[in-house]
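# Summary of the model geometry
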2 protein chains.
Amino acid sequence: MSKRTKIGVFDSGFGGLTVLRALTAALPGADFMYLGDTARLPYGSKSAATVTKYTGAAVEALRARGAELVVIACNTASALALPSLEETARVPLVGVIEAGAAEAARVLAGAPHRTALVLATEATVLSHAYRAACAAHGVQAFEHACPLLVPMVEEGWTDHGITAQTAYIYLRDALDAMREERGAISDELLARSGLPATDEEPVQPALVLLGCTHYPLLRPLLERTIASVMEAVPVVDSSTATAEHVRGLLPELAQAGDDTPAMEFMATDSPAKFKHLGERFLQRSIAEVDLVSLEV
Amino acid sequence: MSKRTKIGVFDSGFGGLTVLRALTAALPGADFMYLGDTARLPYGSKSAATVTKYTGAAVEALRARGAELVVIACNTASALALPSLEETARVPLVGVIEAGAAEAARVLAGAPHRTALVLATEATVLSHAYRAACAAHGVQAFEHACPLLVPMVEEGWTDHGITAQTAYIYLRDALDAMREERGAISDELLARSGLPATDEEPVQPALVLLGCTHYPLLRPLLERTIASVMEAVPVVDSSTATAEHVRGLLPELAQAGDDTPAMEFMATDSPAKFKHLGERFLQRSIAEVDLVSLEV
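Residues numbered from 1 in each chain as written. Chains lettered and ligands numbered in written order. Predicted model: local features only at pLDDT ≥ 70, side-chain atom pairs only at ≥ 80, totals over all residues. Heavy atoms only, no water.

### Some words on the overall build of chain A
The condition is simple: Where helices and strands are cited, they refer to DSSP runs of H or I of at least four residues and of E of at least two residues respectively, numbered from the N terminus. Both definitions apply: the radius of gyration is a C-alpha atom measure, and the globule rule equals 2.2 Å times residues to the power 0.38. The rule is simple: take the accessible area with a 1.4 Å probe, protein chains only, and divide by the maximum for that residue type; under 20% is buried, over 50% is exposed, in between is partly exposed. Throughout, a residue-residue contact means that at least one pair of heavy atoms, one from each residue, lies within 4.5 Å. In this description, accessible areas are obtained by the Shrake-Rupley approach with a 1.4 Å probe, and a residue is regarded as covered only by the protein chains that are shown. For this count, His and the chain ends are skipped, Lys and Arg are scored as positive, and Asp and Glu as negative. For charged residues, the charge sits on one atom: NZ in Lys, CZ in Arg, CG in Asp, CD in Glu.
Within chain A, the regular secondary structure consists of twelve helices and ten strands. For 296 residues, the compact-globule estimate of 2.2 N^0.38 gives 19 Å, and chain A sits close to it at 20 Å. For chain A, the spread of C-alpha atoms along the three principal axes comes to 75 × 40 × 40 Å. Counting every position in chain A, which comprises 296 residues, the buried fraction comes to 52%. Nonlocal contacts in chain A, meaning residues at least 24 apart in sequence, comprise 76% of its contacts between residues at least 6 apart. About 12,900 Å² of surface is accessible on chain A, with carbon and sulfur atoms providing 52% of the total. Each charge sign in chain A was given a centre, from 24 positive and 36 negative side chains, and these centres are 4 Å apart.

This is how it looks when you write it as structure tokens:
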């Protein structure tokens, strides 16, 4: 029996399971181990120092259990903890934000204007991590917070009229904010140029980036809603983008091996709740969840 | 200058500010001190031991700063921590659940059937603390979880069509569940009695109890929605009920004194965020928020 590579996946809760799902599809030759720090979620309201301490302990726990690469499948931890952990962790790390930004840039290569609308949680938007990561790839990102989409996914309302109406409101507000921001820039340029004002073209992003690991579960609903408020554009989700990125790093795992991929689950709180909510995110059954302690 | 009585109010976050608002209206002769453990919210997903430890530290912090009575303005902490803290705390404690249940019983005194529909968060429902507290007062409580209402309040959608539609769905589901539960009991009694089946009267609760400190901000919306799905019934909220209960304990503070009531605010995370969100809950401006540490 040949030794298989084990990939660790970490999130504060359940959202990272959409990343795990994308990883299992992209890397059928790998084994996986998922750790959700469910006792201490959400990370969005915690300080950078706290998130770094918790994430560092989780990465080390996954490494100690055999992970040869760890995916930080959590936007908050990718934004706040990854920069310093990349220097100290004893295992290679991959974050969701950089992967999402790189994929947006790839899709927009050669596009007339490289603008992305990033939908994310309030904590992620306030960190401006996507704006920075996109800018490094030559993409201008407009970030818009959609606080109700995560609780709606957790309520199971992934194909619900209320979620569609809420997404419509967020997208319309995002376009208004984007047009206002662009308008302000245009007015300033116009004033400086001394040229007469002209009717402005309505602006819209060239791409929508789903910058929250819960949102892939809303992808069909969001694609329909996007098409109802603007000209249809490509939608990139950072879960799929992360899986593609990891496949690029470990191309030998893109082919299925002789063994069935192993999948282990760990949580820091209620295994029963993890199993129940986790199966909805993973869209397959979860046999067993180990309760682990990460107290540092 | 006469010494004024200082009342401490504790919550994991912002919801307890609706209790503080009710307290200031009911007790104009008192000074107040509010502590939100915003760095460690939400408590709903934490164990009883952890919630008790955190709540105990908060109660002691309020006592050390001069509080002569502490209101646990948090449903989770009232359910999980209050029973043991009542024995160890060095200051009298009042919780929101017992006050809400007592008020429901008072309103239903002499009613033909003493049934209450309790709307609350999932954590509060799973604890069945309202069911137990209501039963002790001779009221049969049906508890129904409304997970999206808290994030909708925090989004500021307290008078929004989406919140009204969501509340309608929750109330309709709650009535269905209540009728099913009652139906099952009736069927069993009928089978035992040997009598022929008859058309059943549609059941509905005699009262709706708002068992979450966020819900008073939705009270007008919820009252309209309740009237649209059933015969209108009294609505009791545990925030107002708690203030009434404290006024009963400290009747001398029901009259305004010569001094303007003092109000201090403390939070364990971002004072700026507390001020911003807190003003929405309190419906008045917050001058200053002290950052405090409760590490135990």
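Picking up where we left off.
### Remarks on unusual backbone geometry
Across the junction of Leu41 of chain A and Pro42 of chain A, the peptide omega takes the value 0°, indicating a cis bond. With a phi angle near 60°, Gln283 of chain A is a residue other than glycine that sits in the positive phi range. Checked against the element boundaries, Gln283 of chain A lands in the loop between helix H12 (271-282) and strand S10 (290-291). By relative accessible area, which is 53% here, Gln283 of chain A ends up exposed. For His128 of chain B, which is not a glycine, the phi torsion comes out positive at approximately 55°. Structurally, His128 of chain B can be placed in the loop between helix H6 (122-127) and helix H7 (129-136). Judged by its relative accessible area of 31%, His128 of chain B falls in the partly exposed class.

### What about the interface of chain A and chain B?
When the parts of a complex come together, some accessible area is lost, and that lost area is often taken as the interface size. Selection rule: Here the quantity called buried area is the total loss of accessible area, with a 1.4 Å probe, experienced by two parts when brought into contact, counted for both. By definition here, a salt bridge exists when the distance from a side-chain nitrogen of Lys or Arg to a carboxyl oxygen of Asp or Glu is within 4 Å. The term polar contact refers here to a pair of N or O atoms within 3.5 Å; inside protein, the definition further demands a hydrogen-donor-capable atom paired with an acceptor-capable atom, and it admits residues adjacent in sequence only when both atoms are side-chain atoms. Ten residue types, Ala, Val, Leu, Ile, Met, Phe, Trp, Tyr, Cys and Pro, are classed as nonpolar, four, Asp, Glu, Lys and Arg, as charged, and the remainder, Gly among them, as polar.
With 18 residues of chain A at the interface, the matching set in chain B holds 18 residues. Around 1,500 Å² of area is buried between chain A and chain B when both sides are counted, 61% of it from carbon and sulfur atoms. When residues of chain A are sorted by the area they lose upon contact with chain B, Ser45, Leu148 and Ile162 of chain A head the list and together hold 30% of the total. Between the two partners, chain A and chain B, sit zero salt bridges. Taken together, the connections running from chain A to chain B amount to three residue pairs in polar contact (both at pLDDT 80 or more). At the level of secondary structure, the elements contributing two or more residues to the side of chain A that touches chain B comprise helix H8 (149-154) and helix H9 (161-193) of chain A. Tallying contributions element by element places H9 of chain A first for the side of chain A that touches chain B, with five residues. Here the residues of the side of chain A that touches chain B sort into eleven nonpolar, four polar and three charged.

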